[in-house]
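Listed below, chain by chain, are the residues.
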Amino acid sequence: MRLTFRGLGIFFALKVALNISRAIILKKSHHSLVLGGRLSEERPLEAKVYQTREFAKLLGISKTHLLRLENEGRVPPARRVQRGKVEHRFYTVDDIHLYRDRLDLPPLLDRKRVQLFLNFKGGTGKSSISSSYAYGLAELGLQVLAIDLDPQQHMTKCLGFDPSLDIMSLFEVLIEGENINQAIQPTTMPTLDLLPATLRLSIIESRLLNKDMREFLLKSAIDDIQKDYDVIIIDALPTISLLNKNAVIAAGDLLVPVLADYLSYDGLGLLFHELSRMEKNFSVHPEHERRGLFENIFIFVNQFKSNEIIARENLASLQRHYTDYLTTTKIPYNTKISQATAMGMPVLQYDPSCRGSKCIRQLINEVFGFER
Ligand SMILES: Nc1ncnc2c1ncn2[C@@H]1O[C@H](COP(=O)(O)OP(=O)(O)OP(=O)(O)O)[C@@H](O)[C@H]1O
Ligand SMILES: [Mg+2]
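Residues numbered from 1 in each chain as written. Chains lettered and ligands numbered in written order. Predicted model: local features only at pLDDT ≥ 70, side-chain atom pairs only at ≥ 80, totals over all residues.

### Thoughts on the confidence of the model for the protein
With 85% of its residues at a pLDDT of at least 70, the protein reaches an overall mean of 86. Contacts of residues 4-45 to residues separated by more than four positions or lying in other chains number 77 contacts, the stretch itself having pLDDT below 50. (pLDDT = per-residue confidence, 0-100. Contact = placed C-beta atoms within 7 Å.)

### What to know about the pairing of strand β5 (residues 144-148)
Within β5, 5 of the 5 residues are buried, which leaves the element mostly enclosed by the surrounding structure. Neither face of β5 is exposed, since V144, A146 and D148 on one face and L145 and I147 on the opposite face are all buried. The pairing of β5 with strand β7 (residues 192-195) spans 4 bridges and is classified as parallel. The partner of V144 across the bridge, within β7, is L192. Note: β5 against strand β8 (residues 231-235), 5 bridges, orientation parallel. Along β8, the bridge assignment pairs A146 with I233. (Buried ≥ 20, exposed ≤ 12 C-beta atoms within 10 Å, placed from the backbone. Helix = DSSP H or I, 4+ residues; strand = E, 2+ residues; numbered from the N terminus. Pairing = 2+ DSSP bridges.)

### A closer look at the site of ligand 1
G122, S127, S128, P238 and T341 are the nearest of the 20 residues found near ligand 1. Listed by contribution, the elements that provide at least two residues to the shell around ligand 1 are α4 (126-139), β10 (296-304) and α14 (335-343). Taken together, the residues of the shell around ligand 1 sort by class into 5 nonpolar, 13 polar and 2 charged. (Near = placed C-beta within 6 Å. Nonpolar A, V, L, I, M, F, W, Y, C, P; charged D, E, K, R; others polar.)

### Re the sheet that holds strand β11 (residues 326-332)
Ordered by their spatial adjacency, 8 strands build an open sheet running β6-β7-β5-β8-β4-β9-β10-β11, and the pairing between neighbours is mixed. Bordering the open sheet on either side are β6 (185-186) and β11, each of which pairs with just one other strand. Sheet contacts for helix α16 (residues 355-368): β10 and β11; angle to β11, the most-contacted strand, approximately 165°. (Axes fitted to C-alpha atoms, helices over the stretch in contact; angles between N-to-C directions.)

### Things to note about the environment of L66
Secondary-structure assignment places L66 in helix α2 (residues 63-71). A tally of 22 C-beta atoms within 10 Å means that L66 is categorised as buried. Sequence-wise, L66 and P77 are 11 residues apart; in three dimensions their C-alpha atoms are separated by 9.7 Å. Leaving out residues up to four positions away in the same chain, L66 has contacts with T52, F55, A56, L59 and I61.

### Structural notes on the sheet that holds strand β1 (residues 49-50)
Within a sheet, neighbouring strands are paired by backbone hydrogen bonds and run either parallel or antiparallel to one another. Taking strand neighbours across the sheet as the criterion, the 3 strands line up as β1-β3-β2 in an open arrangement whose pairing is antiparallel. Strands with a single pairing partner mark the edges of an open sheet, and in this sheet they are β1 and β2 (79-83). Here β2 runs beside strand β3 (residues 86-92); their pairing, made up of 5 bridges, is antiparallel. Residue pairing in the sheet places R80 in a bridge with R89 of β3.

### Thoughts on the packing of helix α9 (residues 217-225) against helix α10 (residues 242-250)
Here α9 crosses α10 at 45°, and the two axes come no closer than 7 Å. Classed by the angle they form, the pair α9 and α10 counts as oblique. Helix-helix and strand crossings are classified by hand; for α9 and α10 the assignment is right-handed. In contact with L217, L218, K219 and I222 of α9, α10 contributes N246, A247, I249 and A250. Counted by class, the contact of α9 with α10 contains 6 nonpolar, 1 polar and 1 charged residues. (Parallel < 35°, antiparallel > 145°, perpendicular 65-115°, else oblique. Left-handed = near helix turned anticlockwise from the far one by under 90°.)

### Digging into the nonpolar core
Generally speaking, a soluble globular protein has its nonpolar side chains buried in company with each other. The biggest cluster of nonpolar side chains holds 97 residues, and the ones touching the most others in it are L116, V144, A146, L149, I234 and A247. Residue assignment places this core across two domains, with domain 1 (49-102) and domain 2 (113-368) each supplying three or more. Those residues in contact with L149 that lie beyond four places of it in its chain are L170, A197, L201, I234, D235, A236, L237, L243 and A247. (Core = buried A, V, L, I, M, F, W, Y, C linked by C-beta atoms within 7 Å. Domains from an automatic or database assignment.)

### Remarks on the pairing of strand β9 (residues 253-259)
Judged by how many residues are buried, β9 sits mostly within the fold: 6 of 7 residues are covered. In this structure, strand β4 (residues 113-117) lies alongside β9, joined through 3 bridges in parallel fashion. Residue pairing for β9: F117 is matched across the bridge by L255. Of the strand pairs in this sheet, β9 and β10 are connected by 7 bridges, and their pairing is parallel. Bridge pairing in β10 links P257 to F300.

What follows is the structure, encoded as structure tokens:
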């Protein structure tokens with residue numbers, strides 16, 4: 001998909017939104033995403049389990065249909081756990097593949113995807129939404145790798161990982177030549193792995209400068225592990241940097257979270273300008289010559305406040321000027337998302353049925369064309 005520009009230089013009505021009401025709730029929650037053996041002790045282990053209706057929906061059938069298949073012995077019976085006098089049925093993420101095989105269902109994806117969450121503007125939701133989005137894909141049974149590029153380690157923290165531990169990041173892989181597999185950490189969600197960020201990434205720029213093929217190092221590292229993952233999700237930094245350029249080259253799809261305010265709109269212009277400059281520079285490479293930098297571009301509005309006139313006006317401007325790229329899904333402003341961030345877990349786990357979680361699932365469906 002080639003980058004086109006419409007409406008650069010057209011401005012929104014100026015609005016400075018002081019967002020001082022972000023609730024940070026630090027009370028303990030029984031929900032928690034957890035990473036294999038490396039999580040902070042305060043967060044209890046809890047792997048994702050599915051209730052009957054949710055699991056049936058994942059398979060694209062009704063609850064009654066699933067129960068019938070189980071009674072007929074065409075699929076294994078649900079797992080069971082006794083709580084008090086009541087026996088509860090449940091399924092795990094491992095069951096998804098087993099049941100899909102038994103029912104002869106086609107794979108969810110026709111090809112592997114590498115998706116980059118990028119916006120040079122800070123605080124638009126790259127880390128919080130990308131980590132929940134990665135978790136949401138893993139919930140579907142897809143094998144997912146989340147890669148954190150940012151030394152702020154927000155994606156790493158949003159996925160419940162303790163960044164103070166002595167672990168590897170892309171620094172060791174891209175600069176010191178370590179095998180990427182050594183840096184990948186499993187999580188207790190069997191279908192979700194994480195390549196965490198560490199503070200060392202803050203000095204990666206100067207070290208990348210001296211490397212041959214310096215913009216292509218991440219792509220080449222990812223090529224080595226692509227076979228192990230259905231989807232790789234990359235959370236970028238809010239900067240124009242060599243590391244981000246590496247991510248642009250490595251990714252097939254671009255996802256841009258944007259706020260419905262003037263500064264975000266202005267930032268979009270800068271982002272597209274920089275990307276089109278890169279596209280020209282790298283058009284000598286056959287893959288990029290063929291399809292441009294990205295196969296797909298999705299801009300989605302985050303933290304949308306539908307009750308604000310200014311937000312609705314800004315949304316209308318985005319719809320006019322970025323028609324080809326703007327998703328119909330909007331993520332609302334939802335305090336559950338900021339609470340989940342404070343708790344170090346994806347909102348999909350913190351509160352699976354809140355509006356924020358529903359919209360992130362809807363975004364996944366729109367991006368992948370899933371009919372669910
Ligand atoms: N839809 C939302 N509703 C409420 N809060 C949100 C929403 N999306 C993101 N936030 C909160 O906004 C803050 C900034 O989000 P986040 O860190 O994900 O942005 P970012 O783009 O990754 O920032 P940076 O550019 O610094 O990397 C976080 O506290 C996050 O919890
Ligand atoms: Mg971030």
